[in-house]
Amino acid sequence: TASVIDGKAIAQQIKGEIAEEVARMKEAVGKVPGLAVLLVGSRKDSETYVRSKKKACEEVGIKSFSIDLPEDASQNEILKHVYEFNDNPGVHGILVQLPLPRHIDEEKVVGAINIAKDVDGFHPLNIGRLAMQGRKPLFIPCTPRGCIELLIRSGVEIKGKHAVVIGRSNVVGMPAALLLQRHNATVTVVHSYTPNPAEVTRNADIIIAAAGVAHMVRTDWLKPGAVVIDVGINPVEDPSAKRGYRLVGDVCYREACTIASAITPVPGGVGPMTIAMLMQNTLEAAKRAYDQTEG
Ligand code: NAD
């Protein structure tokens, strides 16, 4: 059976490393990294993510700044806060929790973030650099970076392998595919218009599943020995669960365990890594601001 890639434990270890670096920074320059989190509206999932992000900041010693705006906040009001954070030297990272309400131009808001503070890595300049050979983005989007970090820290070789990404969203699938290419994998992307995705995934040495479809990846989607990174977080009804539902991945975990060589669980896989990478990106932003980067 597959070995379990314990994202929760690996994220904990990374946060420990970050906490040490934050303490060192405090000693060297008398400052700690700062992360600003802007939440608009009251989507339950967004509120939960924002809460976890603030909690992680506390754990590692990063100062968090937060602004909660009502659902009907105007675009100018949101932009005003972004500009204030851009100008605030104590803020090194700015995160606008997505999705924004429908009346807001998301591209405009994300594009207004100072690229040196774009710790989500969603600014078009950062994504553009991620896509270009020989260029370096200032930040790599947290969820894809977390997936790669899980592979590296589990000793999975990426170079020369066939990696298949399921999904092509701006936040996960697309940057994950770009990042895998940077790590010298041969990458195929399948999406909702791919006629028979299982035919493609069956050839994958590494699969990153980010479609948002519960239990889509079954035994016959997998090559024996494949490494499976399950990004999906999907609620499914479960009357025995406290809230009436539980969260499952895009991969049928029980089936995949019998054929994969390694797999991430949901929850406890990619989720905690996303937050650890946000802390990492914020630390890196602060190091650059205080000129503490090595090399
Ligand atoms: P999205 O809806 O923006 O994109 C889904 C992508 O999957 C699309 O590109 C679509 O073409 C593709 N897709 C949809 N159905 C498909 C199918 N049947 N076959 C093949 N491809 C299909 O979603 P997203 O924001 O990329 O998120 C994907 C999943 O990852 C969701 O479950 C989300 O909750 C989860 N997520 C987890 C984290 C984390 O930290 N673990 C972070 C972000 C998103």
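Everything below is about the structure shown above.
To keep things clear, this report deals only with the structure shown in the data block. This structure is a prediction, so every number in the text was calculated from the model and none was measured.

1. Thoughts on the site of the ligand
Consideration 1: Around the ligand, 25 residues are found, and the nearest of them are Gly 167, Ser 169, His 191, Gly 212 and Thr 274.
Consideration 2: Considering each element in turn, the shell around the ligand owes the most residues, three residues, to helix H10 (residues 270-289).

2. Digging into the nonpolar core
Consideration 1: In this structure, Val 165, Ile 207 and Ile 208 are the most contacted members of the largest nonpolar core, which totals 84 residues.
Consideration 2: A per-element tally of this core places H10 first, with 10 residues.
Consideration 3: In this structure Ile 208 touches Cys 147, Ala 163, Val 165, Ala 176, Ile 229 and Val 231, once residues within four positions along its chain are discounted.

3. Remarks on helix H5 (residues 124-131)
Consideration 1: Looking at H5, one finds that the buried residues are Asn 126, Ile 127 and Leu 130. Around the axis of H5, the buried residues are gathered within 95° of arc, so they sit on the same side.
Consideration 2: Against helix H7 (173-182) lie the buried residues of H5.

4. So, the sheet that holds strand E3 (residues 63-69)
Consideration 1: Strand order in the open sheet made by the three strands is E3-E2-E4, with parallel pairing throughout. Looking at strand neighbours, the two that pair on one side only are E3 and strand E4 (93-96), the edges of this open sheet. With strand direction ignored, the average angle separating the axes of adjacent strands in the sheet is 15°.
Consideration 2: Sheet analysis places strand E2 (residues 34-40) next to E3, joined by seven bridges and oriented parallel. Within the sheet, the bridge partner assigned to Leu 38 lies in E3 and is Ile 67.

Rules behind the numbers
- Residues numbered from 1 in each chain as written.
- Predicted model: local features only at pLDDT ≥ 70, side-chain atom pairs only at ≥ 80, totals over all residues.
- Near = placed C-beta within 6 Å.
- Helix = DSSP H or I, 4+ residues; strand = E, 2+ residues; numbered from the N terminus.
- Core = buried A, V, L, I, M, F, W, Y, C linked by C-beta atoms within 7 Å.
- Buried ≥ 20, exposed ≤ 12 C-beta atoms within 10 Å, placed from the backbone.
- Contact = placed C-beta atoms within 7 Å.
- Arc of directions from axis to C-beta.
- Pairing = 2+ DSSP bridges.
- Axes fitted to C-alpha atoms, helices over the stretch in contact; angles between N-to-C directions.

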